[in-house]
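Next come the chains, spelled out residue by residue.
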Amino acid sequence: MSHSPPLIAWFKDISKSDLPLVGGKGANLGEMFSAHIPVPDGFCVTAPAYYQFLEATQLQTKIRAILKDLDVNQNTALFTASRRIKQLIVQAPMPEAIQAAIIDHYHQFPHPNEAVAVRSSATAEDLPDASFAGQQATYLNIQGDEAVVKAVQKCWASLFEARAIFYRQEKGFNHFKVGIAVPIQRMVQSDVSGVMFTVNPVNNDPFIIIVESVYGLGEMIVQGSATPDHFEVDRQKWTIRHKEISRQTAQLTRVSGLTKVRPVPVNKQSRQKVSDEVILKVAKLGQKLQDHYHFPQDIEWAYENGEVYIVQTRPITTMTAVGKKTDQVIGEIAEIVGLPPKALLSGSPASPGIVTGVVKIIKDPKDNDLVEKGDILVAPMTTPDFVPAMKRAVAIVTDQGGQTSHAAIVSRELGVPCVVGTQNATKKLKNHQLITVDASAGVVYPGRLKIHKSALKLPQGIKKIRQLKTRTKVYVNLGEPDMAGGIAQKYVDGVGLLRAEFIISEYIGVHPKLLLETSRRSFFVKKLAEGLEDFCRAFNPRPIIYRTTDFKTNEYRGLTGGDKYEPEEPNPMIGYRGCHRYLIDDDVFQMELDVIKRVRDHLGYKNLHLMIPFVRTVKHLAQIKTILAKAGLQRRPNFKLYMMAEIPNNVLLMDEFIDEGIDGVSIGSNDLTMLMLGTDRDNQLVADVYDERDPGVLKALEIIVRTCKRRGVAVSICGQAPSIYPEITKKLVEWGATSVSVSPDMIDKTRLLIYQMEQIVHQAKPTVADTKRKKTLTLFQRIFKAD
């Protein structure tokens, strides 16, 4: 490139180093062109041309005057300011030198009056955290000198869309430090268009490439006005492991030089848009782009006359969402500054954090779309159908449920603050009301409170979390397959509790007995195996401990057909569930065993192990082992059998259970606490009695851990206790637990706590350093309570 910035640059002359000149989109187009990626040819009207336009038309002063004292939180004022600025830019005469340069290059396309796409490419390379995707305009099927020049001005004007003004004001960016270039590219008249993410953008799963497609031009998929076909491509095997085909009734096409919405022929509406072969070809181009840029990419592609074209690519900006920390910072501590006002509501703290947001009350998951990013989801209770809205929410508040409810468990997996069991949140709160949720304390306050956040850092001399080597392993509790890929990238030793219930309720949704009765056994086995495969692949070779189904009868009744097969019990918690259920009616259990064998033997994931829940007696354990042996699932070095310890009888007869032959024990502190104290944590009338720190409960935990340590059997805990109370984790380390299994948001914090504790426990004599570490542990107790 010349030292004197040009007004126009062809793609072939542009590289990624030209970001200040042509913006991210323009630089990527040039880079792809040079890398021989199939990109339609074109050129960029550079950012210096935009600044020259502002100077020649003397618009900067007028724009500054309009923006002066603008309150971007006043919707009417914001949109009025945006409209006025855009009119100024579009109606101003284009300087002759810029206009001539655009027309001259436009005439060099192969065909007269070539139809082109005119896009916006913001430049803000010197500004931190500057992501402008979707804030500026794109114009398709533009033809003719005058139309192309006017489209360039419209792209410049789109730099002052209301949402773009709001974003820059909120971020504190100077409006005139953000320039804009305009790529002008030969228009691909797409038969099919789509987007692609070279990792799963929801959970950062590195093994999956997401490809989506629609009929016609790509704007419908980008704008979300059409539901695309959805494909998940396994980049290791280059196979399509999952696809969803959506009906499409309308498409965006070029008609007489204009972009118009036209109906999709009836015989094509429900068909797959392109073949599996084309999807895999697109995915492999995505892999090539990721390899080229050394970073996961968000890509737009098009398919015309049997050829695939890449229209644009950019880095996936959400990649920092799961587990990325900087330097020595592994998390943050949040607390409300000053004395808060009177609380609106209180409930059980289910997932820690303090956030402010706008209320969206959703009583039926069909209204999920009402919840936008940054909203606080308020619901009577949640089911798996609420998960899409839960992923967008910054906090969740429910009327019903306890700390083991769906809302509580999923929110912890998502890392979203959550308060459950408020009884009347949906009645007391109003839509669009601004509230602050202190989910660490289980309290909801009116308005926006000042929140102080400070970093939780690694010890001095430790630069990365992976340098914290601990004897006690840190496992994670999971149930959502969508979360597996992202969580697996954390410094975690495996999955200590993989719950079957979420996979069955969310991905199958039908009572297993109904599937058996209707000859759909293979459907159950296939779907559950697919869910387990997600976890095993993501964590391989780290262990996955799968707990077989432990639905209570009232939970089973919520599945399709459940009313037919489930009795109504006065107290489902101590009713027809777990191990005893398998012995009375083993049909469903046999299907689960088939799933285990399919994943281990057919798919080859030997990191999958088995855990039996709610084992009431030693005799029951022996009977279960007989069933396992008949199914070919005996204990061996690469297949471990665990049992949950969650009944007082397990505590009293721990030696006898171990004598029967198990490889490990995992303490279910939730049920064990309820049964030790004779209370129900989900019953607000007696929930105040529930406390895992009760001396009797702690004594039970100690007996289990010390017995297992004496007998040389692995012992862990997979209830919520270590995720909520660091003092329990500390005691588990002292007693000799081999691992703890916590919610995803607590992985790093628990690792740090265990590291500090082990430095004390495994040293013979106290030292000055020990004293300092003890002070650190005291600080941790304050931190975890605040967090």
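Note: the structure precedes this text.
What you see is a predicted model, and the numbers here were worked out from it, not measured in a lab.

Asks: Would you mind going over the overall build of the protein with me for this structure?
Replies: In terms of regular secondary structure, the protein is built from 29 helices and 32 strands. Evaluated residue by residue, the protein yields a buried proportion of 57% over its 787 residues. For the protein, contacts bridging at least 24 residues in sequence account for 68% of all contacts bridging at least 6. Accessible surface for the protein amounts to roughly 33,200 Å². Of this, 51% is attributable to carbon and sulfur atoms.

Asks: Quick question: what am I supposed to make of the sheet that holds strand 30 (residues 664–667) here?
Replies: Pairing between sheet strands relies on hydrogen bonds along the backbone, with the strands arranged either parallel or antiparallel. If you trace the eight strands from one edge of the open sheet to the other, you get 31-30-29-28-27-26-25-32, paired in parallel fashion. Two strands bound the open sheet, and with one partner strand each, they are strand 31 (714–717) and strand 32 (739–742). Strand-to-strand twist across the sheet, computed as the mean angle between neighbouring axes with direction ignored, equals 30°. With four bridges joining them, strand 27 (residues 544–547) and strand 28 (residues 608–612) adopt parallel strand pairing. The partner of Ile 544 across the bridge, within strand 28, is Leu 608. Here helix 20 (residues 587–602) sits on the sheet in contact with strand 27 and strand 28, set at roughly 160° to strand 28.

Asks: Sorry, what's going on with the pattern of salt bridges here?
Replies: It is possible for side chains bearing opposite charge to pair when their charged atoms get close. Within the structure shown, the criterion is met by 32 salt bridges. Across the salt bridge formed by Asp 601 and Lys 606, the nearest N and O atoms sit 3.1 Å from each other. Classification of Asp 601 as partly exposed rests on a relative accessible area of 47%. We classify Lys 606 as partly exposed; its relative accessible area is 38%.

Asks: For this particular structure, what's the right way to read helix 24 (residues 669–677)?
Replies: An α-helical turn contains 3.6 residues, so any two residues separated by three or four positions project in the same direction. Here helix 24 has its buried residues at Ser 669, Asn 670, Asp 671, Leu 672, Thr 673 and Met 674. Downstream of helix 24 by a residue or two, Gly 678 has a phi angle that is positive, lying close to 60°.

Asks: Mind showing me how you'd approach the pairing of strand 28 here?
Replies: In terms of burial, strand 28 is largely enclosed, as five of its five residues are buried. Side-chain alternation along strand 28 places Leu 608, Leu 610 and Ile 612 on one buried face and His 609 and Met 611 on a second face that is also buried. Bridging between strand 28 and strand 29 (residues 641–645) involves three bridges; their strand directions are parallel. Bridge assignment links Leu 610 to a residue of strand 29, and that residue is Leu 641. Read as a crossover between parallel neighbours, the route from strand 28 over helix 21 (residues 618–630) to strand 29 is right-handed.

Asks: Hey, could you run me through the packing of aromatic side chains in this one?
Replies: The description of an aromatic ring pair rests on the distance of the ring centres and on the angle between the ring planes. Per the stated rule, a full pass over the model turns up ten aromatic pairs. For the ring pair Trp 10 and Phe 43, a centre distance of 5.3 Å and an interplane angle of 75° mean the geometry is edge-to-face. Within this pair, whereas Trp 10 is found in strand 1 (residues 8–10), its partner Phe 43 is found in strand 2 (residues 42–45), the two being separated by 33 residues in sequence. Residue class for Trp 10 comes out buried when judged on its relative accessible area of 14%. Among the residues examined, Phe 43 registers a relative accessible area of 0% and is labelled buried. Where Tyr 582 meets Phe 589, the ring centres are 4.3 Å apart and the plane angle is 5°; that geometry is what we call stacked. For the pair shown, Tyr 582 and Phe 589 are each scored as buried. Ring pairs connect the aromatic residues Trp 10, Phe 43, Tyr 106 and Phe 109, which therefore count as one cluster. Taking NZ or CZ as reference, Arg 520 lies 4.8 Å from the ring centre of Phe 523, over its face. Sitting over the ring of Phe 614, Arg 577 keeps its end group 3.8 Å from the ring centre.

Asks: Help me out: how do you make sense of the sheet that holds strand 7 (residues 192–197) in this one?
Replies: Strand order in this open sheet of six strands is 10-9-8-7-13-14, and the pairing throughout is antiparallel. Of all strands in the sheet, those with a lone pairing partner are strand 10 (239–244) and strand 14 (307–315), marking the two edges. Strand after strand, the sheet turns through a mean of 20° between neighbouring axes, direction not considered.

Asks: Explain the nonpolar core to me, please; I cannot follow it from the model alone.
Replies: If you look at soluble globular proteins, the nonpolar side chains tend to sit buried side by side. The biggest cluster of nonpolar side chains holds 85 residues, and the ones touching the most others in it are Leu 532, Phe 539, Tyr 546, Leu 610, Ile 612 and Ile 704. The element contributing the most residues to this core is helix 16 (residues 521–539), with nine residues. The residues contacting Ile 612, other than those within four sequence positions of it, are Thr 548, Cys 579, Tyr 582, Phe 589, Ile 624, Leu 641, Tyr 642, Met 643 and Met 644. Counting residues in hydrophobic clusters, the runner-up holds 47 residues, among them Trp 10, Leu 54, Val 149 and Phe 176.

Asks: I keep staring at the environment of Phe 166 and nothing clicks. Help me out?
Replies: By the secondary structure assignment, Phe 166 is in helix 7 (residues 162–171). For Phe 166, a relative accessible area of 31% corresponds to the partly exposed category. The spatial distance from the C-alpha of Phe 166 to the C-alpha of Val 72 is 5.7 Å, given a sequence separation of 94 residues.

Asks: Sorry if this is basic, but what is going on with the pairing of strand 27 here?
Replies: Regular strands show a simple pattern: their side chains alternate between the two faces of the sheet. Residue alternation in strand 27 divides its side chains into two sets, Ile 544 and Tyr 546 and Ile 545 and Arg 547, and both sets are buried. As paired elements, strand 26 (residues 495–499) and strand 27 share three bridges and run parallel to each other. Pairing of Leu 498 across the sheet is with Tyr 546, part of strand 27.

Asks: Quick question: what am I supposed to make of the packing of helix 21 against helix 23 (residues 654–661) here?
Replies: Relative placement of two packed helices is described by the angle separating their axes and the distance separating the axes. Axis separation between helix 21 and helix 23 bottoms out at 9 Å; the angle between their running directions is 15°. As summarised for this structure, helix 21 and helix 23 are arranged roughly parallel, according to the angle between their axes. As helix 21 runs across helix 23, the sense of the crossing is right-handed. Two secondary-structure elements touch here, helix 21 through Val 618, Leu 621, Ala 622 and Lys 625 and helix 23 through Glu 656, Phe 657, Glu 660 and Gly 661.

Asks: Quick question: what am I supposed to make of the side chain of Thr 57 here?
Replies: Mapped onto the elements of the fold, Thr 57 is located in helix 2 (residues 47–57). Within the structure, Thr 57 has its side chain in polar contact with the backbone oxygen of Leu 54 (distance 3.4 Å). Excluding anything up to four places from it in sequence, Thr 57 contacts Ala 92 and Pro 93.

Asks: Is there a simple way to think about the side chain of Asp 671 in this case?
Replies: Relative to the elements of secondary structure, Asp 671 occurs in helix 24. We classify Asp 671 as buried; its relative accessible area is 9%. Ignoring any residue separated from it by four or fewer positions in sequence, one finds Asp 671 in contact with Arg 577, Phe 614 and Glu 646.

Asks: Looking at this model, I keep getting lost on helix 27 (residues 726–735). Mind explaining?
Replies: Most of helix 27 sits inside the fold, with seven of its ten residues counted as buried. Here helix 27 has its buried residues at Pro 726, Glu 727, Ile 728, Thr 729, Leu 732, Val 733 and Trp 735. One or two residues past the end of helix 27 sits Gly 736, with phi positive at roughly 110°.

The rules behind the values
Numbers given for residues are sequential positions, taken from 1 along each chain in its written order. Given that the model is predicted, a residue must reach a pLDDT of at least 70 before its local features are reported, and side-chain atom pairs must reach 80 or more before they are shown or counted; all residues, however, enter totals for whole chains, interfaces and linings. Excluded from the side-chain calculation are hydrogens and water; included are all heavy atoms of the structure. Runs of H or I in DSSP of at least four residues are treated as helices and runs of E of at least two as strands, each being numbered from the N terminus. The buried label applies to any residue whose accessible area, calculated with a 1.4 Å probe on protein chains only, is under 20% of its type's maximum; exposed applies above 50%, and partly exposed to all values in between. The contact criterion used is simple: two residues touch if any of their non-hydrogen atoms lie within 4.5 Å. In these tables, accessible area is a Shrake-Rupley quantity obtained with a 1.4 Å probe, and a residue counts as shielded only by the protein chains included in the view. Strands are treated as partners if at least two bridges between them are detected by DSSP. Interaxial angles span 0 to 180 degrees and are taken between N-to-C directions of axes, which are lines fitted to C-alpha atoms, for helices over the stretch in contact. Salt bridges are defined as contacts in which a side-chain nitrogen from Lys or Arg sits within 4 Å of a carboxyl oxygen from Asp or Glu. With its strands directed away from the observer, a crossover is right-handed exactly when the path from the first strand over the helix to the second travels clockwise. For Phe, Tyr and Trp, where Trp contributes only its six-membered ring, two rings pair if their centres lie within 6.5 Å, and the inter-plane angle classes them as stacked under 30 degrees, edge-to-face over 60, or tilted in between. Only when the NZ of Lys or the CZ of Arg is both within 6 Å of the ring centre and within 35 degrees of the ring normal is a charge said to sit over the ring. Remark: nonpolar core denotes a set of buried residues (Ala, Val, Leu, Ile, Met, Phe, Trp, Tyr, Cys) joined through side-chain atoms within 4.5 Å. Throughout, the term roughly parallel applies to angles under 35 degrees, roughly antiparallel to angles over 145, roughly perpendicular to angles from 65 to 115, and oblique to all others. The hand of a helix crossing depends on one turn: near helix anticlockwise from the far one by less than a right angle means left-handed, and clockwise means right-handed. The definition of a polar contact used here is a pair of N or O atoms within 3.5 Å, where within protein one atom must be able to donate a hydrogen and the other to accept one, and adjacent residues in sequence count solely through side-chain atom pairs.

Shape descriptors only; they carry no functional weight alone.
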